[in-house]
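Here's the letter readout for the chains.
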There are 2 protein chains.
Amino acid sequence: MSLLSGQYVIGVDLGGTKIYTALAGEDGRILAELKIPTGTEKGLQNVVDGIVDSVEQVCKTAEADPGAVSTLALGAPGPLDTKGGIIHYAPNLRWRNIPIRQILEERIGISVLLDNDANLAALGEHVFGAGRGVANMVYITVSTGVGGGLILDGKLYRGFTDEAGEIGHMTIQPYGPLCSCGNRGCLEAVASGTAIAREARDLVARGAGQVILVAAEGDPGKIDAAVVASAAAGGDPEAVSIITGAAGSLGIGIANILNLLNPSLVILGGGVMETGALIWEEVKKEVRNRALDAAWTVARLVPAELGGRAGVMGAIALALDRE
Amino acid sequence: MSLLSGQYVIGVDLGGTKIYTALAGEDGRILAELKIPTGTEKGLQNVVDGIVDSVEQVCKTAEADPGAVSTLALGAPGPLDTKGGIIHYAPNLRWRNIPIRQILEERIGISVLLDNDANLAALGEHVFGAGRGVANMVYITVSTGVGGGLILDGKLYRGFTDEAGEIGHMTIQPYGPLCSCGNRGCLEAVASGTAIAREARDLVARGAGQVILVAAEGDPGKIDAAVVASAAAGGDPEAVSIITGAAGSLGIGIANILNLLNPSLVILGGGVMETGALIWEEVKKEVRNRALDAAWTVARLVPAELGGRAGVMGAIALALDRE
């Protein structure tokens with residue numbers, strides 16, 4: 001299909017393991033997309049080449065004139081500076097103070113926008129997913145880590161220095177397990193997929209958790225949140241306790257957000273939220289227990305709709321100036 | 001002084017114990033003010049009469065023509081509906097679903113605005129106090145309870161149903177003391193003046209806390225946050241431990257807010273924050289420990305400037321449409 005006269009935008013979701021690039025029309029519909037390995041270990045130049053090649057490739061696939069692409073928006077892990085277009089620090093890319101916007105603008109010759117990947121996922125769900133038409137919503141993704149983004153009074157809320165939305169680093173258990181950020185008891189340290197798997201492996205290492213071990217085909221290395229959730233779904237009390245604990249912590253975090261921000265919608269995505277009904281039931285129970293009635297009664301908790309596409313769809317929304 | 005040709009606004013801060021009314025000019029400067037007892041026990045009509053009388057009185061004091069008052073803004077405890085002008089539920093006024101805006105507009109004959117008292121205190125500090133010119137700021141008051149308000153991207157943030165800013169009901173200790181809201185371990189239940197006094201009284205009831213008891217002139221009924229803080233300032237380890245514990249909880253709550261909202265300013269007011277240097281030092285230490293570096297390094301923690309006037313000044317700001 002040829003749309004030579006049309007205007008296009010490109011969204012790029014830059015992660016530690018893959019670069020996800022999509023070309024979209026003015027309505028936001030994806031016309032072509034491509035995922036390639038990030039190749040961080042080969043250095044910055046290689047990652048930039050990967051983005052540039054991906055852009056050419058999606059244009060070619062969609063038979064779109066690269067000259068008709070108005071804007072490229074890039075979602076990347078923070079901390080970063082959206083106005084300056086600089087990624088300050090991205091441990092999983094091994095980058096420090098990379099002026100990625102300038103680099104890409106010089107290579108591709110079009111306007112480039114940079115934003116935080118979790119913020120863009122929130123924006124994606126807001127514009128194209130479960131949060132369409134909702135002015136006050138919170139997006140939380142629970143997978144390896146816990147991240148999120150805020151849409152407040154109809155706009156993506158970034159904070160003073162683009163650092164807002166770090167939901168995963170809310171303290172839930174003041175004396176809880178150490179988090180990668182150095183703090184103790186962060187939501188990410190007690191409710192992420194990594195935390196769930198760690199707890200189950202600790203059980204197994206102590207000679208307990210045998211049902212979980214069987215669900216992992218006898219290999220402790222295969223224990224992840226999905227394995228624990230499947231054992232829990234089968235009624236294993238140890239697995240139920242781990243999932244319930246993580247859900248309870250998530251519920252505390254969400255209740256805190258309801259009390260503080262009074263959204264009408266909380267969108268929950270990420271692999272951990274896809275492990276079954278138990279985690280949803282327990283999250284809702286804890287939120288209802290903890291949140292003020294006036295905040296709880298007006299807030300719905302719903303699953304994300306865009307899955308792994310949320311970030312790239314958010315980048316497309318940003319490029320289309322639909323924040 | 002007569003300003004017959006000028007335009008005036010009136011701010012009213014309606015609390016459980018007092019009605020605080022102030023008349024201001026277009027520049028927000030207070031020209032006359034009055035505090036009277038709320039008299040809740042005498043019923044709704046009496047409270048309304050008190051507000052109407054106060055309005056007449058401040059006009060008289062300032063020699064202002066009541067016909068030149070454009071707007072009255074009323075701050076009241078929530079939950080309430082700012083658009084409908086209805087106070088849904090105010091336990092300390094014993095009110096349920098009172099259409100206070102309509103009642104006052106009919107009695108006074110001018111435009112009336114209603115908003116949450118803590119939100120208006122935040123707005124007061126934003127427009128006239130420690131947060132002048134600051135687009136992303138959080139106001140927290142720590143006194144009998146813990147309340148607050150949010151200014152985000154330059155505007156008062158109210159949430160979907162005017163319930164935002166309930167900082168006092170953030171869970172800090174999941175299995176902590178019961179809060180008046182029914183939840184456990186809320187910030188208010190572990191760090192308010194009431195919580196500090198309760199902890200000290202519990203100590204004394206167990207036969208400990210003798211230095212605190214002396215500071216309270218031997219009367220456990222006189223133990224409050226100021227008494228505990230003065231014993232702590234004198235080096236009493238039990239008092240230091242109570243203040244440090246409350247400050248640590250406050251620090252966790254503030255760190256959570258920095259990570260979530262990335263403000264450039266946190267304004268701390270209320271009697272507990274005026275008890276001395278120890279609580280400030282300990283709050284800052286905990287925030288630095290808990291908040292992400294990127295959020296902590298850009299955020300200042302400063303004392304409120306308006307004291308007990310914050311709410312009425314915020315009402316004036318609202319009446320002047322300076323939210």
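Analysis parameters
- Residues numbered from 1 in each chain as written.
- Chains lettered and ligands numbered in written order.
- Predicted model: local features only at pLDDT ≥ 70, side-chain atom pairs only at ≥ 80, totals over all residues.
- Heavy atoms only, no water.
- Helix = DSSP H or I, 4+ residues; strand = E, 2+ residues; numbered from the N terminus.
- Rg over C-alpha atoms; globule rule 2.2 N^0.38 Å.
- Contact = heavy atoms within 4.5 Å.
- Areas by Shrake-Rupley, 256 points an atom, 1.4 Å probe, with all protein chains shown as cover.
- Lys, Arg positive; Asp, Glu negative; His and termini not counted.
- Charge placed at Lys NZ, Arg CZ, Asp CG, Glu CD.
- Salt bridge = Lys/Arg side-chain N within 4 Å of Asp/Glu carboxyl O.
- Polar contact = N/O pair within 3.5 Å; in protein donor to acceptor, adjacent residues only side chain to side chain.
- Nonpolar A, V, L, I, M, F, W, Y, C, P; charged D, E, K, R; others polar.
- Core = buried A, V, L, I, M, F, W, Y, C linked by side-chain atoms within 4.5 Å.
- Buried < 20%, exposed > 50% of the residue type's maximum accessible area, 1.4 Å probe, protein only.
- Least-squares fit on C-alpha atoms with pLDDT ≥ 70 in both.
- Pairing = 2+ DSSP bridges.
- Domains from an automatic or database assignment.
- Buried area = accessible area lost by both parts, 1.4 Å probe.
- Phe/Tyr/Trp six-rings, centres within 6.5 Å; stacked < 30°, edge-to-face > 60°.
- Lys NZ or Arg CZ within 6 Å of the ring centre and 35° of its normal.
- Axes fitted to C-alpha atoms, helices over the stretch in contact; angles between N-to-C directions.
- Parallel < 35°, antiparallel > 145°, perpendicular 65-115°, else oblique.
- Expected span 1.5 Å × (residues − 1).

Student: Can you walk me through the overall build of chain A in this structure?
Tutor: In terms of regular secondary structure, chain A is built from eleven helices and 13 strands. Its C-alpha atoms give chain A a radius of gyration of 20 Å, near enough to 20 Å, the size a compact globule of 323 residues would have. Referenced to the eigenvectors of the C-alpha coordinate spread, the extents of chain A come out at roughly 60 × 45 × 40 Å. Once local pairs closer than 6 in sequence are excluded, the contacts in chain A between residues at least 24 apart make up 60%. Summing over all exposed atoms, chain A offers an accessible surface of approximately 12,600 Å²; the carbon and sulfur share of this is 50%. In chain A, the 25 positive side-chain charges and the 36 negative ones have mean positions that sit 2 Å from each other.

Student: Would you explain the interface of chain B and chain A in this entry?
Tutor: Accessible area lost during the coming together of the parts is what is often quoted as the interface size. Contacts between the two partners involve 38 residues from chain B and, on the opposite side, 38 residues from chain A. Applying the counting criterion to the chain B and chain A interface returns zero salt bridges. At the junction of chain B with chain A, the criterion picks out 26 residue pairs in polar contact (both at pLDDT 80 or more). Contributions of two or more residues to the side of chain B that touches chain A are made by β10 (146-152), α8 (237-261) and α9 (277-290) of chain B. Among the elements that make up the side of chain B that touches chain A, the one with the highest residue count is α8(B) (six residues). Grouping the constituent residues of the side of chain B that touches chain A by class yields 19 nonpolar, twelve polar and seven charged.

Student: Can you help me understand the nonpolar core in this one?
Tutor: As a rule of thumb, nonpolar side chains are buried together in soluble globular proteins. Among the nonpolar cores identified, the biggest contains 108 residues, and Ile140(A), Ile212(A), Leu261(A), Ile140(B), Ile212(B) and Leu261(B) are the most heavily contacted of them. With near-sequence residues (within four places) excluded, Ile140(A) lies in contact with Val146(A), Gly147(A), Gly148(A), Ile167(A), Ile254(A), Ile257(A), Val266(A), Ile267(A), Leu268(A) and Gly269(A).

Student: Mind showing me how you'd approach the relation of the copies chain B and chain A here?
Tutor: Related by rotation about an axis and a shift along that axis, the two copies of the chain form a pair. It takes a turn of 180° to lay chain B on chain A, together with a shift of 0.0 Å along the axis; the resulting RMSD is 0.0 Å. Such a combination of rotation and displacement between the chain copies is what one expects of a two-fold axis. Mapped onto chain A, 100% of the interface residues of chain B are again interface residues, and the two copies thus contact each other with one and the same surface.

Student: What should I look at first to understand the pairing of β10(B) in this one?
Tutor: On a regular strand, each side chain points to the face opposite its neighbour's, so the side chains alternate between the two faces of the sheet. Residues and elements named next belong to chain B. Judged by how many residues are buried, β10 sits mostly within the fold: seven of seven residues are covered. A two-sided burial pattern is seen for β10, the buried positions comprising Val 146, Gly 148, Leu 150 and Leu 152 on one face and Gly 147, Gly 149 and Ile 151 on the other. Counting the residues between successive antiparallel strands, the hairpin from strand β9 (residues 137-142) to β10 contains three residues. When β10 meets strand β11 (residues 155-157), the two strands line up antiparallel, connected through three bridges. Each bridged residue has a counterpart across the sheet, and for Leu 150 the counterpart in β11 is Tyr 157. If you look at the hairpin formed by β10 and β11, you'll find two residues sitting between the two strands, and Asp 153 has a positive phi there, around 50°.

Student: Would you mind showing me how to read the domain arrangement of chain A here?
Tutor: Residue and element names in this part refer to chain A. Taken domain by domain, chain A consists of domain 1 (8-123 + 309-319) and domain 2 (133-304). Between the C-alpha centres of domain 1 and domain 2 there is a distance of 28 Å. The interface of domain 1 with domain 2 comprises 13 residues on the first partner and twelve residues on the second. Buried surface at the junction of domain 1 and domain 2, both sides included, amounts to about 960 Å², of which 50% is carbon and sulfur. Put simply, domain 1 and domain 2 have one salt bridge between them. Ionic pairing is found between Asp 115 and Arg 158, a salt bridge with its closest N-O pair at 2.6 Å. The tally of links between domain 1 and domain 2 comes to two residue pairs in polar contact (both at pLDDT 80 or more). Secondary-structure elements contributing two or more residues to the side of domain 1 that touches domain 2 are β5 (80-81), α3 (117-128) and α11 (310-319). No other element matches α3, which puts five residues into the side of domain 1 that touches domain 2. Each residue belonging to the side of domain 1 that touches domain 2 can be placed in one class, and the counts come to eight nonpolar, two polar and three charged.

Student: Sorry, what's going on with the side chain of Asp236(B) here?
Tutor: Here Asp236(B) shows up in the loop between α7 (225-233) and α8. Those residues within four positions of Asp236(B) in sequence are excluded, and the remaining contacts are Val211(B), Ile212(B) and Ala231(B).

Student: What is the right way to read the packing of aromatic side chains from this model?
Tutor: Each aromatic ring pair is specified by the distance between its two centres and by the angle formed by the two planes. Per the stated rule, a full pass over the model turns up zero aromatic pairs over all chains. Sitting above the plane of the Tyr20(A) ring, Lys35(A) keeps its charged end 4.9 Å from the centroid.

Student: Even after reading the chapter, I still don't get the sheet that holds strand β5 (residues 80-81) of chain B, so can you show me in this structure?
Tutor: By definition, the strands of a sheet pair up through backbone hydrogen bonds, in either a parallel or an antiparallel sense. Residue and element names in this part refer to chain B. If you walk across this open sheet you meet the three strands as β5-β6-β7, and the pairing is antiparallel. On the outer flanks of this sheet lie β5 and β7 (95-98), each paired with one strand and no other. Where strand β6 (residues 86-90) meets β7, three bridges bridge the pair, whose relative direction is antiparallel. Within β7, the position partnered with Tyr 89 by the bridge is Arg 96.

Student: What am I meant to see in the pairing of strand β9 (residues 137-142) of chain A here?
Tutor: Residues and elements named next belong to chain A. Burial within β9 is extensive, with six of its six residues counted as buried. Neither face of β9 is exposed, since Met 137, Tyr 139 and Thr 141 on one face and Val 138, Ile 140 and Val 142 on the opposite face are all buried. Judged from the six bridges that link them, β9 and strand β10 (residues 146-152) form a sheet pairing that is antiparallel. Counted as the bridge partner of Thr 141 is Gly 147 from β10. Sheet topology note: the β9/strand β12 (residues 265-269) ladder contains five bridges and is parallel. The partner of Thr 141 across the bridge, within β12, is Gly 269.

Student: What should I look at first to understand the packing of helix α3 (residues 117-128) of chain B against helix α11 (residues 310-319) of chain B in this one?
Tutor: Two quantities define a packed helix pair, namely the angle between the axes and the distance from one axis to the other. All names here are of chain B. Relative to each other, α3 and α11 sit at 75°, their axes nearing to 6 Å. Our classification of the angle between α3 and α11 gives roughly perpendicular. Counted together, Leu 120, Ala 121, Leu 123, Gly 124, Glu 125, Val 127 and Phe 128 of α3 and Ala 310, Gly 311, Met 313, Gly 314, Ala 315, Ile 316, Ala 317 and Leu 318 of α11 form the full contact between these two elements. Split into classes, the residues belonging to the contact of α3 with α11 amount to eleven nonpolar, three polar and one charged.

Student: Honestly, helix α8 (residues 237-261) of chain A in this entry has me stumped. Any pointers?
Tutor: Three or four residues apart is the spacing at which side chains of an α-helix point the same way, because the helix has 3.6 residues per turn. If you check α8(A), its first and last C-alpha atoms are 35 Å apart, about what 25 residues at 1.5 Å a residue would give, namely 36 Å. The positive-phi residue at the C-terminal boundary of α8(A) is Asn262(A), with phi of around 45°.

Student: Just checking my understanding: could you explain unusual backbone geometry for this structure?
Tutor: Residue and element names in this part refer to chain A. Between Gly 78 and Pro 79 the backbone carries a cis peptide bond, its omega angle lying at -5°. Of note, Glu 217 is a non-glycine position whose phi angle comes to about 55°, a positive value. Mapped onto the secondary structure, Glu 217 falls in the loop between α6 (210-215) and α7 (225-233). Glu 217 gets classed as exposed once you look at its relative accessible area, which sits at 62%.

Student: How do you make sense of the side chain of Ser192(A) when you look at a structure like this?
Tutor: All names here are of chain A. With respect to the helices, strands and loops of the structure, Ser 192 is situated in the loop between α4 (187-191) and α5 (193-205). Polar side-chain contacts of Ser 192 include one of 3.4 Å to the backbone oxygen of Thr 144. For Ser 192, the residues in contact, after removing those within four places along its chain, are Val 142, Ser 143, Thr 144, Gly 145, Val 146, Leu 187 and Val 272.

Student: Looking at this structure, how should I read the pattern of salt bridges?
Tutor: Working definition: two side chains of opposite charge can pair if their charged atoms are close together. Going through the model one piece at a time under the given rule, you end up with 18 salt bridges over all chains. For the salt bridge of Glu217(B) with Lys222(B), the shortest nitrogen-to-oxygen distance reads 2.8 Å. You can call Lys222(B) partly exposed: its relative accessible area is 44%. What emerges from the salt-bridge pattern is a single network uniting Asp115(A), Arg158(A) and Glu323(A).

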